[in-house]
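Residue-level listing of the chains:
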Amino acid sequence: MGQTKREIERKYDVGAAAELPDLTGVAGVADVVHKGVVELDATYWDTPDQRLAASAVTLRRRTGGDDAGWHLKLPVALADGVRDEIHAPLSPEVPRSLLGLVRSRVREAELVPVVRLLSARDLRHLVDAQGALLAEVSVDGVRAERLSGGVATAEWSEVEVELADDGDPALLDKVEKKLKKAGVRRADASSKLARALAETAPRESLPEELPARSTKKSDKKAGKREAVAQAVEEATGDGPGMAGDHVLAYLRAQRDALVALDPDVRRDLPDSVHQMRVATRRMRSAFRSFGKILDRSATDPVADELKWLAGELGVDRDQEVLTERLTTRIAAVPRTLLLGPVRGRLRIWTVARRSGSRRRTVAVLDGKRYLALLESVDALLAAPPLLAAADAPVGKALPKAVLKDYRRLATRVEHALALPPGEQRDVAMHEARKAAKRARYAGEAATPALGKPAKKFAKQMKAVQSVLGDHQDSVVARDALRTLAIQAHLAGETAFTWGLLYGQEEAAAADRERELPEVWAQASRAKLRSALGG
């Protein structure tokens, strides 16, 4: 995959004769060490229609300096100026390891050189009293040459301040305060590439001035469906908004999350698989919840493919959650009751079930079916199958959809509670859990438009989902414990501890069943329904 570095930096605009103020006055900085001038030559690659740049992703091949090679920079949802930079060795073409990380954005499009940046970097190190590096500060003289889609050039100077590994982000604020006093201001462009693309763009490709926003209802509806940002604005309270606009804005957000999480899953980042599955589930749930707004005959095939993807992604995630649960149970067992090679048996069982699953996950993301799914989602959002209810105000259409999911959940919860303990109740509670998740997602989707009532509804549905989810986890854990007990017995080991753990899970499930009526009563109070218009 290549070496990965978390990059935290800020960029500033300066004049041609840029001079830095004395940064030894910054708290914690004992000295500023001049490291000389480095000549950098970087070629940035993108699709002809600049899909990577549109996602704030940069892919470059750079020579010069101490990190020559290929660099892929991916934005991190932590704060402005934070990116993960993945390095790969120099090669004539884009390395395969980096191609996979941009595949969800590039798809089948060709990658071509788009911009060449020649930089003279005057570098300084900010160090503490012990000589440890705190940050790098550079004054860069940049010349940009357009390689694709134009022939223009541009030149400018800028200052970069990059935090050292494991450095304190508060230092950046202190340095910025010093720079501001010297008249140095934050750059408008997020990166050198963004500025280069803007300043070397062919004149005819620059966007025309947007027309004044109409207040006519018909014009407003049409405009919102043309622009995602305007749809979000209308759906979040700056205007009455139409239901279709709000739902489409929500679906676009899930699509964007799905695409952005793809490289995280490939890099095996913590919680990335779970979050990617959540994006697929939210999209599927929205298709169902808002079936009066979007034609189900068009969305159901996409939903089926999203279900397939979630299932493929779940191979690792479900096993991880189950193993963590069983490991926690084992850790709580008194030593005198921990009989036999329990931990070793669990490790063997876990490894056997996870063998090759990581490779399968990446293979799925590299497959044609997955790419076809991304394309079908894009096509659906580009030409949404809107029904008549899409033109209804959000305050009328969304509560109806949310409360429909609530009534569906109510039926399933009441059915589960009416059954005696046993396998049938377990199955019924599992079905209720899925309904609770759908109702929760519907409430979350409606929150930007409906405000506190929908937010409160989603919170209550999450509480119901939590109880039902823990019950289902216990059902799955008991099945695993029975398998482990059989394996231990066949290997000549005592199955005592596995039986003990099985009993604990059985008791935990019974606790959740006793807890459910009260949690459900809190979630189903009339004032909550009436707040949503039910």
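Quick note: structure is the one above.
Residues numbered from 1 in each chain as written. Predicted model: local features only at pLDDT ≥ 70, side-chain atom pairs only at ≥ 80, totals over all residues. Heavy atoms only, no water.

1. What to know about the layout of surface pockets
In plain terms, the rule: The method works on a 1 Å grid over the protein atoms by themselves. A cavity is a set of points holding a 1.4 Å probe that cannot get out, a pocket is an open set with protein on both sides within 12 Å along at least five of seven lines, and residues with an atom within 4 Å of a point line them. Grid points are joined across faces, edges and corners, and a volume is the space filled by probe spheres set on the points. Strands are runs of DSSP state E lasting at least two residues, helices are runs of H or I lasting at least four, and both sets are numbered from the N terminus onward. Residues are sorted three ways: Asp, Glu, Lys and Arg are charged, Ala, Val, Leu, Ile, Met, Phe, Trp, Tyr, Cys and Pro are nonpolar, and all the rest, Gly among them, are polar.
Computed from the structure, the largest pocket encloses a volume of approximately 1,300 Å³. The wall of the largest pocket is formed by 35 residues, among which Arg277, Arg281, Asp318, Arg433 and Lys437 lie closest to the centre. Put simply, the parts of the chain that give the lining of the largest pocket at least two residues each are α8 (272-289), α9 (296-332), α13 (394-418), α14 (423-450) and α15 (452-490). For the lining of the largest pocket, a count of residues per class yields 7 nonpolar, 9 polar and 19 charged. Of the pockets and cavities examined, the second largest pocket occupies roughly 740 Å³. What lines the second largest pocket is a set of 37 residues, and nearest its centre among them are Arg62, Asp67, Arg121, Glu136 and Glu162.

2. Looking at a nonpolar patch on the surface
Heads up, the rule is: Patches here: salt-bridge-free residues with over 30% relative accessible area, like charges joined within 9 Å, nonpolar side chains (Val, Leu, Ile, Met, Phe, Trp, Tyr) joined within 5 Å. Per-residue and other accessible areas follow the Shrake-Rupley method at a 1.4 Å probe size, with only the shown protein chains counted as cover for residues. What makes a salt bridge here is a side-chain nitrogen of Lys or Arg within 4 Å of a carboxyl oxygen of Asp or Glu, nothing more. Burial classes: relative accessible area under 20% of the type maximum marks a residue as buried, over 50% as exposed, and values in between as partly exposed (1.4 Å probe, protein chains only).
Taken together, the side chains of Leu337, Leu339 and Phe496 make up a nonpolar region of the molecular surface, amounting to roughly 230 Å² of accessible area. Summarising the element assignment, Leu337 is placed in the loop between α9 and α10 (342-354). Taking relative accessible area as the criterion, Leu337 reaches 31% and is therefore assigned partly exposed.

3. Observations concerning the packing of α9 against helix α12 (residues 368-382)
The line we're drawing: Axis lines are fitted to C-alpha atoms, over the contacting stretch for helices. Their N-to-C directions set the angle, which ranges from 0 to 180 degrees. For any helix crossing, the convention is left-handed if the near helix is rotated counterclockwise from the far helix by under a right angle, and right-handed if that rotation is clockwise. Residue contacts are defined here by distance: any two heavy atoms, one from each residue, within 4.5 Å place the two residues in contact.
Running from N to C, α9 and α12 point in directions that differ by 145 degrees, and their axes come no closer than 10 Å. As α9 packs across α12, the resulting crossing turns out to be left-handed. Counting all contacts with α9, which are made through Ala298, Thr299, Val302, Glu305, Leu306, Trp308 and Leu309, the residues of α12 involved are Arg369, Tyr370, Leu373, Ser376, Val377 and Leu380. Residues of the contact of α9 with α12, tallied by class, amount to 9 nonpolar, 2 polar and 2 charged.

4. Observations regarding the nonpolar core
This is how it is decided: Among buried residues, those of type Ala, Val, Leu, Ile, Met, Phe, Trp, Tyr and Cys that are joined through side-chain atoms within 4.5 Å constitute a nonpolar core.
In terms of nonpolar packing, the biggest core is built from 65 residues, with Phe287, Ile293, Leu309 and Leu398 touching the most fellow members. Ignoring anything within four residues of it in the chain, the contact list for Leu309 reads Leu258, Thr280, Val364, Leu365, Tyr370 and Leu373. Formed by 17 residues, the second largest nonpolar core is a distinct cluster that contains Val14, Val161, Leu179 and Val184.

5. As for unusual backbone geometry
Phi at Gln50 takes a positive value of approximately 60 degrees, unusual for a residue other than glycine. By secondary structure assignment, the location of Gln50 is in the loop between β2 (31-46) and α1 (51-54). Its identity is not glycine, yet Asp271 carries a phi of approximately 70 degrees, on the positive side. One can find Asp271 in the loop between α7 (243-266) and α8. Owing to a relative accessible area of 38%, Asp271 belongs among the partly exposed residues under this scheme.

Nothing here speaks to function; it is all geometry.
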